[in-house]
Amino acid sequence: MSTAVADASTDAPEKVQASDSSDAIKSFIVTLIVRRFDPDVDTEPHWQDFDVEVYPTDRVLDALHKIKWEQDGSLTFRRSCAHGVCGSDAMRINGRNRLACKTLIKDLDVQKPIYVEAIKGLPLEKDLVVDMEPFFASYREVQPFLQANSAPPEGKERIQSVADRARFDDTTKCILCAACTSSCPVFWTDGQYFGPAAIVNAHRFIFDSRDDAAQVRLDILNDKEGVWRCRTTFNCTDACPRGIQVTQAIAEVKQAIMRGKR
């Protein structure tokens, strides 16, 4: 048996010419001004600025990591998946609610400082971290789970048409980041208001044809702190990182209450 031997002179891959260094993405310095608060030391929040070396393709989350890892390890913020799915890192960036992991540095005006602070309307715990319990309490109150009076056929799933599924498709996208709720002026001034996120998650089940507890949720939201507190400012829709039409969902729940059915 003969063994073929590659001819190094003919079959070896050609060396790739090094790219011109002028084509490389260049880093630059950006200033982040972060609203800090340490409950063990501070009586009021204060602003602190950091100069950070970043690339245009970095995200605000990357810049916060650099601050924490290289400049000030006490900086506190939440993050988990870093891909816009977990909803952990919602914060106010230049006055707008965003996910830090989805906000690219190049999409901001880097000629000016980037202001970063915690979302509003929830108790501030430390730096960019807020107490999410009031938010989740409202979420739990609308009973965001399927409630069916009958069991599905043995060994079968509950059948639903494409049209029935499309009826509530938009509101299935919620990741419970609280960006919508904490952008709502009503929520800022009235801590009892359910808030957009809770209503969105109620909508998801109210209009699910497999669910039998729509009226229960409509009764819960037909309250002075329910859907009627919404002033239709569209802040929630603008803030949603998943593109959910939040204001429209709230309006559809209002209409269902007035009709007395979904």
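Residues numbered from 1 in each chain as written. Predicted model: local features only at pLDDT ≥ 70, side-chain atom pairs only at ≥ 80, totals over all residues. Heavy atoms only, no water.

Undergrad: Any chance you could break down the overall build of the chain for me, citing the residues and the numbers?
TA: A count of helical and extended segments in the chain gives nine helices and seven strands. The globule rule puts the C-alpha radius of gyration for 262 residues at 18 Å, and the 25 Å found for the chain is more than 25% above it. Counting only C-alpha atoms, the chain reaches 80 × 70 × 30 Å along its principal axes. Contacts spanning at least 24 positions in sequence make up 63% of the contacts within the chain whose residues lie at least 6 apart. In the structure as shown, the chain presents an accessible area of about 14,800 Å², 49% of it carried by carbon and sulfur atoms. Side chains of the chain give 34 positive and 39 negative charges; the mean places of these two sets differ by 6 Å. (Helix = DSSP H or I, 4+ residues; strand = E, 2+ residues; numbered from the N terminus. Rg over C-alpha atoms; globule rule 2.2 N^0.38 Å. Contact = heavy atoms within 4.5 Å. Areas by Shrake-Rupley, 256 points an atom, 1.4 Å probe, with all protein chains shown as cover. Lys, Arg positive; Asp, Glu negative; His and termini not counted. Charge placed at Lys NZ, Arg CZ, Asp CG, Glu CD.)

Undergrad: Go over the sheet that holds strand β4 (residues 96–99) with me, naming the residues and quoting the values.
TA: Taken together, five strands build an open sheet; the order of strands is β2-β1-β5-β3-β4 and the sheet is mixed. Since the sheet does not close on itself, it has two edges, and those belong to β2 (46–54) and β4, each with one partner. Shown here is a sheet whose adjacent strand axes are inclined to one another by a mean of 35°, direction ignored. With nine bridges joining them, strand β1 (residues 28–36) and β2 adopt antiparallel strand pairing. Across the sheet, residue Ile 29 finds its bridge partner in β2, namely Glu 53. (Pairing = 2+ DSSP bridges. Axes fitted to C-alpha atoms, helices over the stretch in contact; angles between N-to-C directions.)

Undergrad: Tell me about the packing of aromatic side chains, residues and numbers included.
TA: The final tally for this structure, using the stated rule, is three aromatic pairs. With a centroid separation of 5.6 Å and an interplanar angle of 80°, the aromatic rings of Trp 47 and Tyr 115 are classed as edge-to-face. Of the two residues, Trp 47 is situated in strand β2 and Tyr 115 in strand β5 (residues 114–117); the sequence distance between them amounts to 68 residues. Between Phe 135 and Phe 136, the aromatic rings sit 5.1 Å apart at their centres with planes inclined by 75°, giving edge-to-face as the arrangement. Through successive ring pairs, a cluster of aromatic residues spans Phe 135, Phe 136 and Tyr 139. When the ring centre of Phe 207 is taken as origin, the NZ or CZ atom of Arg 167, which lies over that ring, is 4.0 Å away. Of note, Arg 204 hangs over the ring of Phe 205, and the distance from its end group to the ring centre comes to 4.1 Å. (Phe/Tyr/Trp six-rings, centres within 6.5 Å; stacked < 30°, edge-to-face > 60°. Lys NZ or Arg CZ within 6 Å of the ring centre and 35° of its normal.)

Undergrad: Any details on the pattern of salt bridges? Residues and values, ideally.
TA: What the rule picks out here adds up to 15 salt bridges. Asp 72 is the partner of Arg 36 in a salt bridge, and the nearest nitrogen-oxygen pair spans 3.1 Å. On the criterion of sequence distance, the pair formed by Arg 36 in strand β1 and Asp 72 in the loop between α2 (60–71) and β3 (90–93) is long-range, its members being 36 residues apart. The exposure class assigned to Arg 36 is buried, which follows from its relative accessible area of 7%. Residue Asp 72 is classed as buried on the basis of its relative accessible area of 16%. (Salt bridge = Lys/Arg side-chain N within 4 Å of Asp/Glu carboxyl O. Buried < 20%, exposed > 50% of the residue type's maximum accessible area, 1.4 Å probe, protein only.)

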